[in-house]
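Tertiary structure, described
Chain by chain, the residues:
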Amino acid sequence: AQSVTQLDSQVPVFEEAPVELRCNYSSSVSVYLFWYVQYPNQGLQLLLKYLSGSTLVKGINGFEAEFNKSQTSFHLRKPSVHISDTAEYFCAVTAENYGGSQGNLIFGKGTKLSVKP
Amino acid sequence: GAGVSQSPRYKVAKRGQDVALRCDPISGHVSLFWYQQALGQGPEFLTYFQNEAQLDKSGLPSDRFFAERPEGSVSTLKIQRTQQEDSAVYLCASSPGAYQETQYFGPGTRLLVL
C-alpha cells in the first residue's frame, strides 16, 4: 500500500518570495507522483507529474518538483510566487504498472499556500 | 473541449434521504474514478470504472453507497439513507486510457447532510 505525507498544512509566504511545499511518500513498489492544485470551489488541476526519466519535473505556472527516490520525497518549488498562487496543493501517488487495471490516486492531506502582498 | 462536469454542484439533504450525484466524463475517456473529499482532507478513492465495468469498489465506505456507469460514459454515485458523516465533496475524474494516465477532475459536488 502507498501513503503520502504532506508535512505542512499551511504555508504563508510573501509575494515574490520562493516557496517549497514538502511531500514524502511510502510504498513497497515503484510509483508515479503527481502534484495537483485546488482553487476555492474548483476541482483539482494537474500541476506536474513524474512517471520516469529526469528527476526534475517542470509543470505549469512556473512550478517544478524533484523526485528523490532515496529520500522518498517529491517536493514542489517555485522561485517567486504570485498572489494568484494562493490555493491548496495536493501531492498524490499511484503504484506503477498497477496490474493494468486502474491507477487510483492516493492523496496527501494538502498544503494551503497563502501568498501575502 | 469540454472537461469533466458534475451535477448538482451543491446538494443539501436531510438525514435519511437518498441522493444521486452525476458525472459526465470527457468524451471517449475509458477510465472513471470517484473520490470523496472530507473537509480539510485530501480526496480518498471510492470506486473505479473501466468503460461500463466497475473494476474496484473497495473504497466505498458502506453498502449505502452505489455507483454505476451503464453505457460506459455518464456515471452516477448514489447514496442511500444519507448520514451526517456522508457530508463531503464528491469528485469525479476521468482519464483517456486504462493505465495510470493523467486524471482530469470535475468541480465536485458538495453534499451537506443535515
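Residues numbered from 1 in each chain as written. Chains lettered and ligands numbered in written order. Predicted model: local features only at pLDDT ≥ 70, side-chain atom pairs only at ≥ 80, totals over all residues. Heavy atoms only, no water.

1. A closer look at the interface of chain B and chain A
Between chain B and chain A, the residue contacts involve 24 residues of the former and 23 residues of the latter. Surface buried jointly by chain B and chain A totals about 1,800 Å² across both partners, of which 49% is contributed by carbon and sulfur atoms. Along the contact surface separating chain B from chain A lie zero salt bridges. Across the contact surface, chain B and chain A share four residue pairs in polar contact (both at pLDDT 80 or more). Those elements that place two or more of their residues in the side of chain B that touches chain A are β4 (31-37), β5 (44-50) and β6 (53-56) of chain B. For the side of chain B that touches chain A, a count of residues per class yields 12 nonpolar, nine polar and three charged. (Contact = heavy atoms within 4.5 Å. Buried area = accessible area lost by both parts, 1.4 Å probe. Salt bridge = Lys/Arg side-chain N within 4 Å of Asp/Glu carboxyl O. Polar contact = N/O pair within 3.5 Å; in protein donor to acceptor, adjacent residues only side chain to side chain. Helix = DSSP H or I, 4+ residues; strand = E, 2+ residues; numbered from the N terminus. Nonpolar A, V, L, I, M, F, W, Y, C, P; charged D, E, K, R; others polar.)

2. Brief notes about the pattern of salt bridges
Residue and element names in this part refer to chain A. Counted by the stated rule, this structure contains eight salt bridges over all chains. Here Arg22 makes a salt bridge to Asp8, at a shortest N to O gap of 3.0 Å. One end of the pair, Arg22, is in the loop between β3 (19-21) and β4 (24-26); the other, Asp8, is in the loop between β1 (3-5) and β2 (10-14), and 14 residues separate them in sequence. With its nearest N and O atoms 2.8 Å apart, the salt bridge here joins Lys58 to Glu64.

3. Notes on the nonpolar core
Leu33, Trp35, Leu47, Leu48, Phe74, Leu76 and Tyr89 of chain A are the most contacted members of the largest nonpolar core, which has 28 residues in total. Mapped onto this core, the elements with two or more residues apiece are β2, β3, β5 (31-38), β6 (44-50), β8 (64-68), β9 (73-78), β10 (87-95) and β12 (111-116) of chain A. One finds Ala13, Cys23, Leu32 and Leu111 of chain B within the second-largest nonpolar core, a separate group that totals 20 residues. (Core = buried A, V, L, I, M, F, W, Y, C linked by side-chain atoms within 4.5 Å. Buried < 20%, exposed > 50% of the residue type's maximum accessible area, 1.4 Å probe, protein only.)

4. Quick word on the packing of aromatic side chains
Tallied over the full model, the rule gives 14 aromatic pairs over all chains. Here Tyr36 of chain A and Phe107 of chain A contribute two aromatic rings whose centre-to-centre distance is 6.0 Å and whose plane-to-plane angle is 55 degrees, an arrangement assigned as tilted. Of this pair, Tyr36 of chain A sits in strand β5 while Phe107 of chain A sits in strand β11 (residues 106-107), and the two are 71 residues apart along the sequence. The same class applies to Tyr36 of chain A and to Phe107 of chain A, which are both buried. With a centroid separation of 6.1 Å and an interplanar angle of 75 degrees, the aromatic rings of Phe107 of chain A and Phe105 of chain B are classed as edge-to-face. Of the two residues, Phe107 of chain A is situated in strand β11 and Phe105 of chain B in strand β10 (residues 104-105); the pairing between them involves two chains. Per residue, the accessibility class of Phe107 of chain A equals that of Phe105 of chain B, and both read buried. (Phe/Tyr/Trp six-rings, centres within 6.5 Å; stacked < 30°, edge-to-face > 60°.)

Function-wise, these values are silent; they only describe arrangement.
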